[in-house]
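Single-letter residue listing:
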Amino acid sequence: METKKEKKPKELLNIDGTEYKTIVPEGFEELRKYHMPEPEKILSFIAGTIQKVNVKEGQKVKKGDKLMILEAMKMKNRVLAPLAGKVNEIYVKEGENVKKDQLLIKLELPKA
Amino acid sequence: MGLKRKIQELQKRREEVLQGGGEKAVLKQVSMGKLTARERIVALLDKGSFNEYDMFVEHEARDFDMDKKTLYGDGVIVGTGTIHGRPVAVFAQDFTVAGGSLGLMHSRKITKIMDHAMKMRMPLIGINDSGGARIQEGVNSLAGYGEIFYRNTLSSGVIPQISVILGPCAGGAVYSPALTDFVFVVDNISKMFITGPSVIKTVLGEDISMEDLGGARIHSTITGNAHFFAKNEKECFGQIQKLLSFIPWNNEEKSQKIASKPPRRDYKIEDIVPADPKLPYDVRDVIKAVVDDSDFFEIMEGWARNLVIGFGRMGGRTVGFVANQPIYLAGVLDVDSSDKAARFIRYCDAFNIPIVTLVDLPGYLPGVDQEHAGVIRHGAKVLYAYSEATVPKMTVIIRKAYGGGYIAMSSRHLRADFVFAWPSAEIAVMGPEGAANIIFRKEINEAKDPEKMRKQKVKEYKDKFANPYVAAAKGYVDSVIEPAETRKLLLHAIEVSEHKVISVPKKKHGVPPF
């Protein structure tokens with residue numbers, strides 16, 4: 001690609017306990033972070049429209065219960081409860097457009 | 001009617017076709033910094049060598065008033081010519097005619113020239129500049145794409161296939177370039193994506209420009225879909241001509257041999273590499289210190305920069321180089337660099353190009369993102385590609401060759417023909433720090449001064465294992481050599497492997513991890 005002024009290697013990258021002087025691309029460390037899954041938070045797995053909400057706040061749900069219909073890619077996708085619990089809060093309304101990974105519902109999970 | 005009149009009629013018909021989409025459309029094309037399709041072919045091929053076929057092809061669409069429209073050449077120009085005096089087949093989509101959209105006859109022109117290229121065993125160059133499928137022709141345009149993809153696949157590994165993206169190339173159309181060997185893009189002109197910005201806006205509500213979604217820079221630095229990036233079309237054609245100077249014309253030929261030239265004197269091999277394995281250097285300088293005339297033609301310069309691939313010549317013949325690049329990410333193997341190396345190795349193997357591998361890596365990149373991105377599956381591609389390759393394979397271990405990285409980078413065990421190591425080579429299961437921490441954990445933890453003990457143990461390990469002689473004692477390394485001897489030994493290795501024969505089990509094909 002373009003040969004602008006080449007960056008000088010000055011960052012350190014640790015591999016197996018040894019630090020190597022090298023160029024580390026921007027955003028690299030952020031990329032390497034791992035975020036723990038939060039099963040109580042139900043996120044939209046695709047951008048689309050909330051066609052129907054099947055549950056109310058405070059309602060108890062079983063694993064696999066239909067929570068809402070998320071229409072996307074010409075398909076009425078079912079959003080199911082991943083685990084049994086209580087619907088704590090619903091963050092979206094019917095007819096609302098949602099982005100990917102938007103918070104839809106928060107469940108209250110029984111304490112393990 | 002006399003013959004003269006008939007000739008005049010032919011000339012008139014030709015002139016009509018040569019207007020393409022008409023003056024207005026041509027002006028628009030030029031105003032975008034683009035050449036017209038015919039100008040592009042002329043600029044790319046040897047002067048006066050182009051012969052066009054299927055000039056008078058017409059579409060047969062009837063629906064949506066298409067029967068009232070004349071589309072000259074049906075939006076694509078096909079023909080044969082020469083580059084460096086050797087034959088090539090070429091097609092160029094003409095954006096001025098119905099946006100270069102692909103209908104049935106358009107695709108038939110392309111597949112006809114593809115069939116020619118295969119029959120005559122010559123490279124195929126496709127210049128893409130098209131709005132996509134011609135919607136009015138419905139499923140016929142889909143059939144057209146499918147016929148092209150099928151031929152791309154059958155031709156793969158038989159003739160070189162080159163794609164030049166000089167305009168939009170969207171939707172299913174992108175899969176023809178993706179199936180070919182080399183993709184060329186030009187800044188601000190090339191655009192490649194499966195779904196464009198407007199679809200993304202409707203479906204996802206996200207705003208993104210064409211350039212940021214699938215422009216030339218994106219494909220040369222982020223996606224790895226493009227192999228060569230140029231600032232303008234002229235530079236791009238120069239790159240294609242240069243690439244064709246290196247590669248053999250088909251899978252039954254070897255590269256052209258030209259006069260051998262020594263490397264330039266300003267690349268002093270011993271001054272390039274620091275002895276401390278933790279310090280970086282640009283491995284391209286090492287390549288330039290061993291290839292003819294220090295002329296190294298890098299491929300995928302902007303993507304997965306922790307690994308360098310490209311062509312150079314040794315003794316006048318083309319050699320493919322694969323090298324870890326310590327200047328980026330310490331030269332580790334990761335998902336992208338594994339992918340980059342593996343495909344290039346398979347290209348070289350398919351087209352009889354010997355491979356020289358320069359090794360200096362601390363191993364595979366550790367991290368959650370890498371593991372979750374499938375570094376196991378992608379890393380395995382390198383092992384597969386090297387093991388499978390039957391062309392002459394020469395390996396030079398410059399410094400670090402640790403763990404899985406050592407095995408993957410064309411080791412003896414994957415059937416490298418010659419393995420040379422510099423005296424600075426460290427061939428071991430892992431770096432001294434990591435190894436000492438594991439082997440001497442107890443001693444270190446129980447010592448009065450653990451830090452002092454750790455340092456001592458690291459040094460012990462380093463003295464014993466961080467060298468090429470342990471591997472040389474087992475015959476895993478053929479020679480420990482002085483850096484200055486590298487070119488001489490590589491030249492010799494290439495010479496003696498000229499008639500390499502290797503037998504592999506009979507099979508339809510393997511099942512590589514891709």
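Above this text is the structure in question.
Before going into details, it helps to say that this report is about the structure given with it. (Residues numbered from 1 in each chain as written. Chains lettered and ligands numbered in written order. Predicted model: local features only at pLDDT ≥ 70, side-chain atom pairs only at ≥ 80, totals over all residues. Heavy atoms only, no water.)

Notes on the overall build of chain B
For clarity, the cut-off: The way it works is that DSSP assigns letters per residue, a run of H or I at least four long becomes a helix, a run of E at least two long becomes a strand, and they are numbered from the N terminus. Partly exposed describes any residue whose relative accessible area lies between the buried limit of under 20% and the exposed limit of over 50%, with all areas from a 1.4 Å probe on protein chains only and scaled to the type maximum. In this analysis, two residues are considered to be in contact whenever any of their non-hydrogen atoms come within 4.5 Å of each other. Here, Shrake-Rupley sampling with a 1.4 Å probe gives the accessible areas, and only protein chains in the shown set may cover a residue.
Helix and strand counts for chain B stand at 21 helices and 16 strands. C-alpha extents for chain B along the principal axes are approximately 105 × 55 × 45 Å. Taking all 514 residues of chain B together, the buried fraction comes to 54%. The contacts of chain B with a sequence gap of at least 6 include a subset with a gap of at least 24, amounting to 73%. As displayed, chain B offers around 23,400 Å² of accessible surface, 55% of which is attributable to carbon and sulfur atoms.

A short note on empty space enclosed by the protein
Residue and element names in this part refer to chain B. This is how it is decided: Residues are called lining when one of their atoms sits within 4 Å of a cavity or pocket point, these points coming from a 1 Å grid over the protein atoms alone, where a cavity is a set in which a 1.4 Å probe fits but cannot get out and a pocket is an open set with protein on both sides within 12 Å along at least five of seven lines. Grid points are joined across faces, edges and corners, and a volume is the space filled by probe spheres set on the points. Classification convention: Asp, Glu, Lys, Arg as charged; Ala, Val, Leu, Ile, Met, Phe, Trp, Tyr, Cys, Pro as nonpolar; all other residues, Gly among them, as polar.
The final tally for this structure, using the stated rule, is six cavities of 30 Å³ or more. Its boundaries defined by the atoms lining it, the largest cavity holds a volume of some 70 Å³. Every residue along the wall of the largest cavity is listed here: Phe91, Gln93, Leu102, Ile110, Asn128, Tyr145, Ile148, Phe149, Ala173 and Ser176. At the level of elements, strand E3 (86-93) and helix H5 (139-155) are the ones that each hand at least two residues to the lining of the largest cavity. In terms of residue count, H5 provides more of the lining of the largest cavity than any other element does, three residues in total. Residues belonging to the lining of the largest cavity are distributed by class as follows: seven nonpolar, three polar and no charged.

Examining the pairing of strand E8 (residues 85-90) of chain A
Residues and elements named next belong to chain A. What counts, and what does not: In this scheme, strands are said to pair when DSSP sees at least two bridges between them.
Alignment of strand E5 (residues 60-61) against E8, held across two bridges, turns out to be antiparallel. Residue Lys60 lies in a different strand from E8, and its bridge partner there is Lys86. Direction of pairing for E8 relative to strand E10 (residues 103-108): antiparallel, over a ladder of four bridges. Paired with Glu89 across the bridge in E10 is Lys106.

Structural notes on the sheet that holds strand E7 (residues 75-80) of chain A
Residues and elements named next belong to chain A. Across the sheet, which stays open at both edges, the four strands sit in the order E7-E6-E4-E9 with antiparallel pairing between neighbours. The open sheet is flanked by E7 and strand E9 (97-98), the only strands paired with a single partner. Of the pairings in the sheet, the one linking strand E4 (residues 48-53) to strand E6 (residues 66-72) comprises four bridges and is antiparallel in character. For Val53, the partnering residue across the bridge sits in E6 and is Met68.

Quick notes on the nonpolar core
All names here are of chain B. Under the convention used in this document: We define a nonpolar core as any set of buried Ala, Val, Leu, Ile, Met, Phe, Trp, Tyr and Cys residues linked to one another through side-chain atoms lying within 4.5 Å.
If you look at the biggest cluster of nonpolar residues, it comprises 94 residues, and the most contacted ones within it are Ile125, Ile240, Phe311 and Val322. Apart from residues no more than four positions distant in its own chain, Val322 is found in contact with Leu307, Val308, Ile309, Ala341, Phe344, Ile345, Ile355, Val356, Thr357, Leu358, Tyr386 and Met409. Counting 29 residues, the second-largest nonpolar core is a separate cluster that includes Met314, Phe321, Val396 and Leu490.

Points about the pattern of salt bridges
All names here are of chain B. As a reminder of what qualifies: In what follows, salt bridge is the name for a side-chain nitrogen of Lys or Arg lying within 4 Å of a carboxyl oxygen of Asp or Glu.
Counted under the stated rule, the structure contains 37 salt bridges over all chains. In this structure, the salt-bridge partner of Glu498 is Arg317, at a minimum N-O distance of 3.8 Å. Of this pair, Glu498 sits in the segment after helix H21 (486-496) while Arg317 sits in strand E11 (residues 317-324), and the two are 181 residues apart along the sequence. Where Glu451 meets Arg454, a salt bridge forms, and the shortest distance between an N and an O atom there is 3.4 Å.

Focus on the sheet that holds E8(A)
Residue and element names in this part refer to chain A. The four strands lie next to each other as E3-E10-E8-E5, forming an open sheet whose pairing is antiparallel. Whereas interior strands pair on both sides, the edge strands pair on one side only; in this sheet they are strand E3 (41-43) and E5. Direction of pairing for E3 relative to E10: antiparallel, over a ladder of three bridges. Looking at the pairing, Ile42 lines up with Ile105 of E10.

Examining a nonpolar patch on the surface
Going by this rule: Residues forming no salt bridge and having over 30% relative accessible area are the ones grouped into patches, like charges within 9 Å of each other and nonpolar side chains (Val, Leu, Ile, Met, Phe, Trp, Tyr) within 5 Å.
Among the surface-exposed residues, Met73(A), Val199(B) and Val203(B) lie close enough to one another that they form a single nonpolar patch of about 250 Å² accessible area. Within the secondary structure layout, Val203(B) lies in helix H7 (residues 197-204). Val203(B) sits in the partly exposed class, given a relative accessible area of 32%.

Overview of the pairing of E4(A)
Examined bridge by bridge, E4(A) and E9(A) share two bridges and lie antiparallel to one another. Its bridge partner lying in E9(A), Gly48(A) is registered against Val98(A).

Remarks on the environment of Ala466(B)
Assignment of secondary structure puts Ala466(B) in the loop between helix H19 (450-465) and helix H20 (469-473). Separated by 37 residues in sequence, Ala466(B) and Val429(B) have C-alpha atoms that sit 9.8 Å apart.

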